[in-house]
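One letter stands for each residue in the lines below.
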Amino acid sequence: METIPETPIQEKKEVLVDPNFHIYLCFGQSNMEGSAKIEPQDRVGKERFQMMQPMTCTNPGRTEGRWYTAIPPLSQCGVGLSPADYFGRTMTDNLPDSIRVGVISVAIGGCDIRLFDKDQYQSYLNTYSENWFQDKITGYGGNPYQRLIDLAKKAQKDGVIKGILLHQGETNTGNAQWPTYVKTIYENMMTDLSLDQEAVPLLAGEVVHADQGGVCASMNEIIATLPEVIPTAHVISSSGCTAQADSVHFDSEGVRELGERYALKMLSLHGN
């Protein structure tokens, strides 16, 4: 199979919302951003799986706010493979040919979950003062949550938002208030995008599991309580998903497995 080139999906002159274009919003920190190595098999795109570019990048050459065939990286410029990649691939493999899947991924390595709280984010812009973190913030216009919402509103002119994917927690390890923080962000998303929680579930993945020696594995006990706070939230197990040497980030195989698990859960929730 040939790798699909980095060319944008042609925009229609007349904008019509396609009910068969299913869109998913993805956010979080480094694992969602894409920290695993992109291997040759990952560069083979599927035409029915698309991504909206969240920032303009020169490598690969993509323009913010345009749809492209989904080939990693899906979020920041120059990052790696993320669960969103194999979420979308698995979704298209299991849905009718008439349905396209699109993702919008806004994620920042090292961020506190409250960076996505529109009323508190300014207090977390300096979670790390180093240039690597500040450059990521700048890439999203200084406000990652607003960038995600702006892109999502644009995407709603093309298709229907069907779910939210979250992978975050490492920076908030041990903070029992994390589910409450996520609840605020999720409810803000539903309000700002005029979405119904019952129709737009939230899937949250575990961090690297204890069975892989996960440095932040204790956070999974807190993540497990999320459905108690958000009835439409579901936790995706990372047990058995292989990790990199740092025991914080999933490796390529682990990322693929985790992404597939997100998809299989979403498919079950939507009756597929």
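Right above here is the structure, for reference.
These lines cover the structure that appears in this document, whether it is placed above or below.

Basis of the calculations
Residues numbered from 1 in each chain as written. Predicted model: local features only at pLDDT ≥ 70, side-chain atom pairs only at ≥ 80, totals over all residues. Heavy atoms only, no water. Pairing = 2+ DSSP bridges. Helix = DSSP H or I, 4+ residues; strand = E, 2+ residues; numbered from the N terminus. Axes fitted to C-alpha atoms, helices over the stretch in contact; angles between N-to-C directions. Contact = heavy atoms within 4.5 Å. Core = buried A, V, L, I, M, F, W, Y, C linked by side-chain atoms within 4.5 Å. Buried < 20%, exposed > 50% of the residue type's maximum accessible area, 1.4 Å probe, protein only. Polar contact = N/O pair within 3.5 Å; in protein donor to acceptor, adjacent residues only side chain to side chain. Left-handed = near helix turned anticlockwise from the far one by under 90°. Nonpolar A, V, L, I, M, F, W, Y, C, P; charged D, E, K, R; others polar.

Across the sheet, seven strands lie side by side as E5-E2-E6-E1-E7-E8-E9; this open sheet has mixed pairing. Only two strands of the sheet have a single partner each, and these edge strands are strand E5 (67–69) and strand E9 (233–236). Averaged over all pairs of adjacent strands, the angle between strand axes in this sheet comes to 25°, irrespective of strand direction. Examined bridge by bridge, strand E2 (residues 49–52) and strand E6 (residues 100–107) share three bridges and lie parallel to one another. Residue pairing across strands places Gln50 opposite Gly102, the latter belonging to E6. Docked against the sheet, helix H4 (residues 144–155) engages strand E1 (21–28), E2, E5, E6 and strand E7 (160–167), running at close to 160° with respect to E6. Relative to E7, helix H5 (residues 178–192) is tilted by about 160°, and along the sheet it contacts E1, E7 and strand E8 (202–205).

Grouped together as the largest cluster of nonpolar side chains are 50 residues, with contacts concentrated most on Leu25, Phe27, Ile104, Ile164, Trp178, Met189 and Leu202. Taken together, the elements giving at least two residues each to this core come down to E1, E6, helix H3 (131–139), H4, E7, H5, E8 and helix H6 (219–223). Examining the composition of this core, we find that seven residues originate from one element, H5, more than from any other. What Leu25 contacts, discounting residues up to four positions off in sequence, is Ile104, Leu148, Ala152, Ile161, Gly163, Ile164, Leu165 and Leu193. Tyr24, Ile38, Phe49 and Tyr86 belong to the second largest nonpolar core, which has 32 residues in total.

Structurally, the position occupied by Ser75 is in the loop between E5 and helix H2 (83–94). Accessibility expressed as a relative area gives 1% for Ser75, which makes it buried. Only 2.7 Å separates the side chain of Ser75 from the backbone oxygen of Glu33, close enough to count as a polar contact. Not counting residues up to four positions away in its chain, the partners in contact with Ser75 are Glu33, Gln53, Pro54, Met55, Ser105, Ala107 and Tyr140.

Now for the packing of H4 against H5. Helix packing geometry: the angle between the two helix axes and the distance between the axes. Where H4 contacts H5, the two axes come as close as 11 Å, and the packing angle between them is 35°. Regarding H4 and H5, the two cross each other, and that crossing is right-handed. Each of Tyr145, Leu148, Ile149 and Lys153 in H4 lies in contact with H5, whose residues at this interface are Ile185, Asn188, Met189 and Asp192. For the contact of H4 with H5, the class distribution of residues is five nonpolar, one polar and two charged.

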